[in-house]
Amino acid sequence: MPVAASAIYFLNLRGDVLINRLYRDDVGGNMVDAFRMHIMQTKELGTCPVRQIGGCSFLYMRISNVYIVIVVSSNANVACAFKFVVEAVNLFKSYFGGQFDEDAIRNNFVLIYELLDEIMDFGYPQNLSPEILKLYITQEGVRSPFSSKPADKPVPNATLQVTGAVGWRREGLVYKKNEVTYIALITLIDIVIAIARLIDSLCIQVFLDIVESVNLLMSSKGSVLRCDVTGKILMKCFLSGMPDLKLGLNDKIGLEKESQLKARPTKSGKTIELDDVTFHQCVNLTRFNAEKTVSFVPPDGEFELMKYRITEGVNLPFRVLPTIKELGRTRMEVNVKVKSIFGVKIFALGVVIKIPVPKQTAKTSFQVTSGKAKYNPSIDCLVWKIRKFPGQTEATLSAEVELISTMGEKKLVTRPPIQMEFQVPMFTASGLRVRFLKVWEKSGYNTVEWVRYITKAGSYEVSNEEWLFELSMIWTMDLKRGCGRVCGFGRVGTGSLGCAGHGTDRVRCGVRRFT
């Protein structure tokens, strides 16, 4: 396994070394001079965060007014090194009251040296969890007077946290009411949660929130050019003791493995294929590889259980069909039809459709079957908002756009895509479903499981054809006398501006020719 760091340096903006720590003897103590001379003095800090000088790799990152530089002489795990820097900064901030800058380093250099010895061993990162390190490194840092974050109280009995297999959860947790809550990104389901808590306040309440974002690029004719779904499961856990949770999903590999273990087919309906999966460290990967089920001992508090991505079998919540026509040089007709594809009993919230128009738009008029529409000149878009969009329904927008009267050279200009924003509760574009959630604990509490789904728009875009419009330069010429009227035709002569019916007075016209 490639190492993450042979040495680490903390420099200020002038290049002075604040703190450094050597983890391996394959680099010299003066390697920071090469970084200062070849990178800082040549002002190449913003070009690339990874540089090679004299057989050594320099990986650096700027946090506030401090440069953190990692030096490696052999093949380095770059992703691991930058992840280590980010987690180390978060650890320092937890000790310093949320501040990390040059003054915080100078005031806490003894504590930083102690932490650097704990979080990395011979170039390999170790435990960087602030909750665990504060159990046995109880020294409090010098907090900034501007910090409003309260100081964390140290927790005793750190032996199990250091040597035990479950380092993210401490023993002895007791709650009067055991509860598991999966964090929701919507507020409508909170009413159902409140009712559920009133119904059974003696049981463990488990709320699963599966939050998905749909990324789509569709052509103007309705064909899908690119589509994928990214999802995550968030969890907020308050359970007594040391519970063991097991989560089953309707993924294809997991169901096939379960049918092999049970020696009989499993009835589960639609299955999906997860392309990329990332788990929290509490998930037992050995059991996942063997049984294809998510088994874990949850941390106490809020955390993200898993993230996933799906590229096949995506259920699109909306289909957008735009039709844009140019009626002459000064008018455009825009017709957009939006159809919801999800179930009749489901509805979308906060639907926003942004339709781009040319920059020379002067006036717009709308007719919509649902919601409200207006022209936003700051983003050059027609903004159509629908507060509540039921399933299996259609909504249409018809708009007439008047453009500024100009003439010039015709050019093809790329039209920005139509963008959508929405949230659809109780719907998953990937088709992911929770089959079961089981909780085991030696005290044997009862459980009640609740599942919540939500799908929202990520990059949901519908491409358009190109605009064919005329570019021109608008000029105003002031003569000694002028009538101030505006006409649609003019000509430029030698030293004068003429227009039919207005003579040679001041005229603003849409046609210009230079002689």
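Our subject is the structure that appears above.
Owing to the predicted nature of the structure, the values given are computational and were not obtained by experimental measurement. Starting from 1, residues in each chain are numbered consecutively following that chain's sequence as written. Given that this is a predicted model, residues contribute local features only at a pLDDT of at least 70 and side-chain atom pairs are listed and counted only at 80 or more, while totals for whole chains, interfaces and linings are drawn from all residues. Where side-chain values are given, they derive from all heavy atoms of the structure, hydrogens and water being excluded.

J.: Before we go on, may I ask you to explain the overall build of the protein chain in this structure?
T.: Secondary structure follows DSSP: runs of H or I at least 4 residues long count as helices, runs of E at least 2 residues long count as strands, and numbering of each begins at the N terminus. Of regular secondary structure, the protein chain possesses 9 helices and 30 strands. By the burial criterion, 43% of the 515 residues in the protein chain qualify as buried. Each accessible area is a Shrake-Rupley result for a 1.4 Å probe, and residues are judged covered by the shown protein chains and nothing else. If you sum the accessible surface of the protein chain, you get close to 27300 Å²; carbon and sulfur atoms cover 52% of it. The rule is simple: take the accessible area with a 1.4 Å probe, protein chains only, and divide by the maximum for that residue type; under 20% is buried, over 50% is exposed, in between is partly exposed.

J.: Looking at this structure, I do not really get the side chain of Thr455. What am I missing?
T.: Tracing the backbone shows Thr455 in strand S25 (residues 447-462). Residue Thr455 is classed as buried on the basis of its relative accessible area of 0%. The term polar contact refers here to a pair of N or O atoms within 3.5 Å; inside protein, the definition further demands a hydrogen-donor-capable atom paired with an acceptor-capable atom, and it admits residues adjacent in sequence only when both atoms are side-chain atoms. One polar contact links the side chain of Thr455 to the main-chain carbonyl oxygen of Phe427, over a distance of 2.5 Å. Setting aside anything within four residues of it in sequence, one finds Thr455 in contact with Glu212, Val214, Phe422, Gln423, Val424, Phe427, Thr428 and Ala429. By definition in these notes, contact holds between two residues if any of their heavy atoms fall within 4.5 Å.

J.: Teacher, can you tell me more about a nonpolar patch on the surface here?
T.: By definition, no residue in a patch forms a salt bridge, and every one has over 30% relative accessible area; like charges are joined within 9 Å, nonpolar side chains (Val, Leu, Ile, Met, Phe, Trp, Tyr) within 5 Å. Basic side-chain nitrogens of Lys or Arg form a salt bridge, by our definition, when they fall within 4 Å of a carboxyl oxygen of Asp or Glu. On the surface, Phe109, Val110 and Tyr113 cluster together into a nonpolar patch covering about 270 Å² of accessible area. With respect to the element layout, Phe109 can be found in helix H4 (residues 109-119). Classification of Phe109 by relative accessible area gives partly exposed; the value is 43%.

J.: How should I be thinking about the packing of helix H2 (residues 78-96) against H4 in this particular structure?
T.: Angle between the axes and distance between the axes: these two values describe a pair of packed helices. The N-to-C vectors of H2 and H4 enclose an angle of 140°; their axes lie 12 Å apart at closest approach. Classified by the angle their axes make, H2 and H4 are oblique. Once H2 is placed against H4, the crossing between them reads as right-handed. Residues Phe84, Ala88, Leu91, Phe92, Tyr95 and Phe96 of H2 pack against Leu111, Ile112, Leu115, Leu116 and Ile119 of H4. Grouping the constituent residues of the contact of H2 with H4 by class yields 11 nonpolar, no polar and no charged. Axis definition: a line fitted to C-alpha atoms, limited for helices to the stretch in contact. Angles are taken between N-to-C directions and run from 0 to 180 degrees. Geometric relationships in this document are graded by angle, where less than 35 degrees denotes roughly parallel, more than 145 denotes roughly antiparallel, 65 to 115 denotes roughly perpendicular, and other angles denote oblique. The sense of a crossing depends on the near helix, which, turned anticlockwise from the far helix by less than a right angle, makes the crossing left-handed and, turned clockwise, makes it right-handed. We call Asp, Glu, Lys and Arg charged. Ala, Val, Leu, Ile, Met, Phe, Trp, Tyr, Cys and Pro are nonpolar, and the rest, Gly among them, are polar.

J.: Just to check I follow, could you spell out the sheet that holds strand S11 (residues 244-249) for this structure?
T.: Pairing between the strands of a sheet comes from backbone hydrogen bonds, and it takes one of two forms, parallel or antiparallel. An order of S13-S11-S24 is seen for the 3 strands of this open sheet, with the pairing classed as antiparallel. In the strand order of this sheet, the two ends are held by strand S13 (294-296) and strand S24 (434-440), each with one partner. For this sheet the average axis-to-axis angle between neighbouring strands, irrespective of direction, equals 10°. Of the pairings in the sheet, the one linking S11 to S24 comprises 6 bridges and is antiparallel in character. Looking at the pairing, Gly248 lines up with Phe436 of S24. Strand pairing is defined by DSSP finding a minimum of two bridges between the two strands.

J.: Just checking my understanding: could you explain unusual backbone geometry for this structure?
T.: Among all residues except glycine, the phi angle is most often negative; among peptide bonds, the trans geometry is most common. Phi is positive for Ser64, which is not a glycine, with a value near 60°. Along the chain, the position of Ser64 falls in the loop between strand S4 (56-63) and strand S5 (66-72). Despite not being glycine, Gln392 has its phi angle at roughly 55°, a positive value. Among the structural elements, Gln392 can be located in the loop between strand S20 (381-390) and strand S21 (394-403).

J.: I keep staring at the sheet that holds strand S18 (residues 361-368) and nothing clicks. Help me out?
T.: A sheet is described by the order of its strands in space; here 4 strands give the open sequence S15-S16-S21-S18, paired in antiparallel fashion. Of all strands in the sheet, those with a lone pairing partner are strand S15 (318-326) and S18, marking the two edges. In this sheet, neighbouring strand axes are inclined to one another by 15° on average, regardless of whether the strands run parallel or antiparallel. In terms of strand pairing, strand S16 (residues 331-340) meets S21 through 9 bridges, oriented antiparallel.

J.: I'm lost on H4 in this one. Help?
T.: Given 3.6 residues to a turn, an α-helix orients residues that are three or four positions apart in the same direction. Where H4 is concerned, the buried positions are Leu111, Ile112, Leu115, Leu116 and Ile119. Projected onto a plane normal to the axis of H4, the buried residues spread over an arc of 135° and lie on a single side. Arc definition: it is the arc formed by the directions from the helix axis to the C-beta atoms.

J.: Help me understand the packing of aromatic side chains, please; the structure alone is not making it clear to me.
T.: Aromatic rings considered in pairs are described by the distance between their centres and by the relative angle of their planes. Only Phe, Tyr and Trp rings are paired, with Trp represented by its six-membered ring, and only when their centres lie within 6.5 Å; those with planes under 30 degrees apart are stacked, over 60 edge-to-face, the remainder tilted. Scanning the model with the defined rule gives 12 aromatic pairs in all. Note on Phe318 and Phe389: the rings are 5.2 Å apart at their centroids and 80° apart in plane angle, and the pair reads as edge-to-face. Of this pair, Phe318 sits in strand S15 while Phe389 sits in strand S20, placing them 71 residues apart in sequence. Judged on exposure class, the residue Phe318 and its partner Phe389 are both buried. Connected via pairs of aromatic rings, a cluster forms that spans Phe318, Phe342, Phe389, Phe422, Phe427 and Tyr460.

J.: Would you take a moment to explain the pattern of salt bridges for this structure?
T.: Close approach of charged atoms allows side chains of opposite charge to pair. Within the structure shown, the criterion is met by 12 salt bridges. Residues Arg331 and Glu400 are paired through a salt bridge, measuring 3.7 Å at the closest nitrogen-oxygen approach. Taken together, the positions of Arg331 in strand S16 and Glu400 in strand S21 put the pair 69 residues apart, joining distant regions of the chain. Relative accessible area serves as the criterion here: at 34%, Arg331 is assigned to the partly exposed category.

J.: I'm lost on the side chain of Ser57 in this one. Help?
T.: Within the secondary structure layout, Ser57 lies in strand S4. Contacts of Ser57, omitting those with residues within four sequence positions, involve Arg51, Gln52, Ile70, Val71 and Val72.

J.: Help me understand the pairing of S20 in this model?
T.: The side chains of a regular strand alternate, first on one face of the sheet and then on the other. As paired strands, strand S17 (residues 347-356) and S20 are joined by 9 bridges and run antiparallel to one another. Its bridge partner lying in S20, Val352 is registered against Lys385. Direction of pairing for strand S19 (residues 372-376) relative to S20: antiparallel, over a ladder of 5 bridges. Along S20, the bridge assignment pairs Ala373 with Trp384. The hairpin turn running from S19 into S20, its antiparallel successor, is 4 residues long, and Asp380 in that turn takes a positive phi close to 55°.

J.: Is there a simple way to explain the nonpolar core in this structure?
T.: Burial of nonpolar side chains together is a common tendency in soluble globular proteins. Throughout, nonpolar core names a set of buried Ala, Val, Leu, Ile, Met, Phe, Trp, Tyr and Cys residues whose side chains join them through atoms within 4.5 Å. Ranked by internal contacts, the top residues of the largest apolar core, which has 39 residues, are Phe318, Val338, Val351, Met420 and Tyr460. Here the element with the most residues in this core is S21; it accounts for 5 residues. Looking at which domains feed residues into this core, each of domain 2 (188-314 + 427-460) and domain 3 (318-424 + 463-467) supplies at least three. If we ignore the near neighbours within four places in the chain, the residues touching Val338 are Phe318, Arg319, Val320, Ile353, Trp384, Phe389, Thr393, Glu394, Ala395 and Met420. With 38 residues, the next largest nonpolar core counts Tyr23, Phe84, Leu91 and Leu111 among its residues. For every domain, the bounds stem from an assignment made automatically or drawn from a database.

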